[in-house]
Amino acid sequence: MIATSTLEISAKAYRQNIRYIRSEIGPKPIISAVVKGNAYGHGIAQMVEIIEKAGIRHFCTFSSDEAWEVLEHSKRGSEIMILGMLHLEEIPELISKGISFYVFDFERLQRAIDISKEIGIHAKVHIEIETGFHRTGFDWSQREKLAEILLEEKDNISIEGLCTHYAGAESVSNFVRVKNQIARYHEFKDFFNSRGIAFKIYHTACSAATLIFPETIMDMVRIGIAGYGFWPTKETFFAKLNSLPKGNKNPLRRLITWKSTIMSLKAVKTGEFVGYGNSYMALENIRLAIVPVGYGHGYSRMLSNQGMVLIGGQHCQVVGTVTMNAIAVNVSKIKDLKIGDEVILIGKQGGKEITVASFSESTQQVNYEMLTRLPKDIPRIIIP
């Protein structure tokens, strides 16, 4: 079976990104690779292989289904940690497989304790605390009860980590809020220490916090978007700009290249409309290349009449409405094209590039959203 498009994933680029992250955090902190959202659209199966070969042995997923997928593809006995959703009935198997998970309410904590006692294996739990994000986490008012349970059950569960999540470390507008969260985290930490409760690791930092709030690095960093070669925001990049090497002002490398081919070539005369409706009329005689990728493949309809692709090393504009399965591209300026020629939707060709950032801005999506919307059935191919 040959697909209409493919995603190439560069293992070399990932290794470069991890070298940069390591240079920022030093040799001791654990790097946990975040692979939620189908590894930010790159493919969990492919990224587990790439990540483990890059020397990383710790993974974060949002949900249990992602954790099971990581476990299926892991070849190096890596640690797996669930940040969010799991079903309580899964806890026995999660514990037996050594998969750790966040605990952010008393129901999940009690269930983990009960199952640990029942099967004779310690649940590996990370205690998530509420510091100001207001999504999940134990509140400050719950600290006494929480400490009491942790002390009482310390021989029945493995208290792995104390963790939280920051509310927008990538934006300067959130600076005060994040600083307040850091302070509240340390209040929790000091409180637990005063009760004789120690955690194996302390971790709070996502990609943005790792890069611009060095005090959040602690024992482990949870690296998502930066591992895939993207600055969390332009603000994050500008915050780091002066400290970057003069000869390498962008040390992060994109992993992903989205490729398709020309399906058909079509001549259109002046005054004729292209595709559905009348959104595009040819103002001169033009030649179109039809590419078998549309909104059903993650190529947004918002790119109608404004998207760009690379063909023959040249930028070519999408004309007409993006359909479910195809786009039309104006290739009038390129000679000697034929069916089957390469089309770059995202990536480089002939010294030119279509970036994820430019793609995302055209569709009014952030990088994260655009990447995670790439369908799982597009084949992902690892490039060493």
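First things first, this report covers the structure right here in the doc. Every residue gets a number counted from 1 within its own chain, in the order that chain's sequence is written. At least 70 in pLDDT is required for a residue's local features to be given in this predicted model, at least 80 for side-chain atom pairs to be given and counted, and no such filter applies to totals for whole chains, interfaces and linings, which use all residues. In computing side-chain values, all of the structure's heavy atoms are included and hydrogens and water are not.

Bringing the layout of surface pockets into the picture now. Where empty space is left becomes clear once a probe the size of a water molecule has been rolled over the atoms. Residues are called lining when one of their atoms sits within 4 Å of a cavity or pocket point, these points coming from a 1 Å grid over the protein atoms alone, where a cavity is a set in which a 1.4 Å probe fits but cannot get out and a pocket is an open set with protein on both sides within 12 Å along at least five of seven lines. Grid points are joined across faces, edges and corners, and a volume is the space filled by probe spheres set on the points. Reported here for the largest pocket is a volume of approximately 620 Å³. Lining the largest pocket we find 29 residues, and of these K36, Y40, R135, H165 and C206 sit closest to its centre. Put simply, the parts of the chain that give the lining of the largest pocket at least two residues each are α2 (36-40), α9 (207-212) and α12 (367-372). In this structure, the second largest pocket spans a volume of roughly 410 Å³. When contributions to the lining of the second largest pocket are tallied by element, the ones reaching two or more residues are β1 (5-10), β10 (256-261), β16 (342-349) and β17 (352-354). A per-element tally of the lining of the second largest pocket places β16 first, with five residues. Every helix listed is a DSSP run of H or I at least four residues long, and every strand listed is a run of E at least two residues long, numbered separately from the N terminus.

What follows covers the packing of helix α6 (residues 106-119) against helix α7 (residues 143-152). Fitting a line to C-alpha atoms yields each axis, with helices limited to the stretch in contact; the angle taken between N-to-C directions then spans 0 to 180 degrees. Remark: α6 packs on α7, axes separated minimally by 12 Å, with the N-to-C direction vectors making an angle of 5 degrees. Taken together, the axes of α6 and α7 are roughly parallel relative to one another. Facing α6, whose interface residues are F106, L109 and I113, α7 presents K145, L146, I149 and L150. Note on residue categories: nonpolar means Ala, Val, Leu, Ile, Met, Phe, Trp, Tyr, Cys or Pro, charged means Asp, Glu, Lys or Arg, and polar means any other residue, Gly included. Residue composition of the contact of α6 with α7, by class: six nonpolar, no polar and one charged. Throughout, the term roughly parallel applies to angles under 35 degrees, roughly antiparallel to angles over 145, roughly perpendicular to angles from 65 to 115, and oblique to all others. Working rule for contacts: check all heavy atoms of both residues, and any pair within 4.5 Å makes them a contact.

Bringing the state of the cysteines into the picture now. The definition used for a disulfide is geometric: two cysteine sulfur atoms within 2.5 Å. Per the stated rule, a full pass over the model turns up zero disulfides. You can see C163 has no disulfide; the closest cysteine sulfur is in C60, sitting 9.3 Å from it. Residue C163 is classed as buried on the basis of its relative accessible area of 0%. Three exposure classes are used, based on accessible area relative to the maximum for each residue type with a 1.4 Å probe and protein chains only: buried under 20%, partly exposed in between, and exposed over 50%.

Stacked, tilted and edge-to-face pairs are distinguished by plane angle, under 30 degrees for stacked and over 60 for edge-to-face with tilted covering the rest, among Phe, Tyr and Trp rings (Trp via its six-membered ring) whose centres lie within 6.5 Å. If you walk through the whole model with that rule in mind, you get 14 aromatic pairs. Considering the side-chain rings of W140 and F188, the 5.0 Å spacing of their centres and the 85 degrees angle between planes classify their relative orientation as edge-to-face. One end of the pair, W140, is in the loop between β6 (123-128) and α7; the other, F188, is in helix α8 (residues 175-194), and 48 residues separate them in sequence. W140 sits in the partly exposed class, given a relative accessible area of 27%. Owing to a relative accessible area of 0%, F188 belongs among the buried residues under this scheme. Pairwise contacts between aromatic rings join W140, F188, F191, F192, F199 and Y202 into one cluster. Only lysine NZ and arginine CZ atoms are considered, and such an atom sits over a ring when it is within 6 Å of the ring centre and within 35 degrees of the ring normal. The ring of F106 is capped by K145, whose NZ or CZ atom sits 4.3 Å from the centre of that ring. R184 extends its terminal NZ or CZ atom over the ring of W140, reaching a point 4.7 Å from the ring centre.

What is shown is where atoms sit, not what they do.
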